[in-house]
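An overview of the molecular structure
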Amino acid sequence: MVVHVLSVGSNSGYYLWAMAIEVQTDEYFMRQALMEAEKAYEEGEIPVGVVVVCAGRIIARAHNLTERLNDVTAHAEMQAITAAADFLGGKYLNQCTMYVSLEPCIMCAGAIAWAQVGRLVFGAYDHKKGYTTVSEAILHPKTELTSGLFGTESADLLKRFFAERR
């Protein structure tokens, strides 16, 4: 939602300056994560994107880099956790929300738990390698979870990626 106030002038010298207030929602931040997933797609990486938000501000963005770095641990979530912790100057992200286009794998869910991410929001479920195939108890007990946000869009991007490579 964007609120605009138009600039108004008067003879008395008082002015109300134009301003725009943008209220960011889960949908806004998930769209940002999907933009990261699109970057991964364009680079030939499995299209998974992440943004980490703290106090209403994106503090980290990442997408998969496993092919570029030749590193099976270079998942988007791992890259984002490292960047967010560096930004904050500490290893705990308990005041942060992580938005991921795809359900995290077991490795990433473990890292999310160790980082004590305050809230996790993901799009598409990963029915083969997602952490919920093993146990939702992997996450930190205080982590709030929202799933399925833009799940269709996330799943469609992944399907398109793999269809082009088979």
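Before any of the text, the structure's been laid out above.
A quick note: this is a predicted structure, and the numbers were derived from the prediction, not measured. (Residues numbered from 1 in each chain as written. Predicted model: local features only at pLDDT ≥ 70, side-chain atom pairs only at ≥ 80, totals over all residues. Heavy atoms only, no water.)

1. Here we look at the nonpolar core
- By size, the foremost hydrophobic cluster in this structure holds 27 residues, and its most contacted members are Val52, Met98 and Leu120.
- Counting 10 residues, the second-largest nonpolar core is a separate cluster that includes Phe29, Val51, Val53 and Phe150. (Core = buried A, V, L, I, M, F, W, Y, C linked by side-chain atoms within 4.5 Å. Buried < 20%, exposed > 50% of the residue type's maximum accessible area, 1.4 Å probe, protein only.)

2. Brief notes about unusual backbone geometry
- The backbone of Asn70 sits at a positive phi, close to 50°, despite the residue not being glycine.
- Here Asn70 shows up in the loop between helix 2 (66-69) and helix 3 (76-88).
- With a phi close to 55°, Gln116 is a non-glycine residue in the positive phi region.
- With respect to the helices and strands, Gln116 occurs in the loop between helix 4 (106-114) and strand 6 (119-124). (Helix = DSSP H or I, 4+ residues; strand = E, 2+ residues; numbered from the N terminus.)

3. With respect to the pattern of salt bridges
- Counted according to the given criterion, the structure contains six salt bridges.
- Arg119 is the partner of Asp26 in a salt bridge, and the nearest nitrogen-oxygen pair spans 2.6 Å. Placement of the pair is Asp26 in helix 1 (residues 26-42) and Arg119 in strand 6, with a sequence separation of 93 residues.
- When its relative accessible area of 21% is taken as the criterion, Asp26 is described as partly exposed.
- Residue Arg119 is classed as buried on the basis of its relative accessible area, which comes to 17%.
- Linking Arg61 and Glu36 is a salt bridge whose minimum nitrogen-to-oxygen distance equals 4.0 Å. Of the two residues, Arg61 is situated in strand 4 (residues 57-63) and Glu36 in helix 1; the sequence distance between them amounts to 25 residues. (Salt bridge = Lys/Arg side-chain N within 4 Å of Asp/Glu carboxyl O.)

4. Describing the state of the cysteines
- Counted by the stated rule, this structure contains zero disulfides.
- Cysteine Cys108 remains unbridged, with the sulfur of Cys105 as its closest cysteine sulfur at 3.7 Å.
- Given a relative accessible area of 0%, Cys108 falls into the buried group. (Disulfide = S-S within 2.5 Å.)

That is the geometry; function is a separate question.
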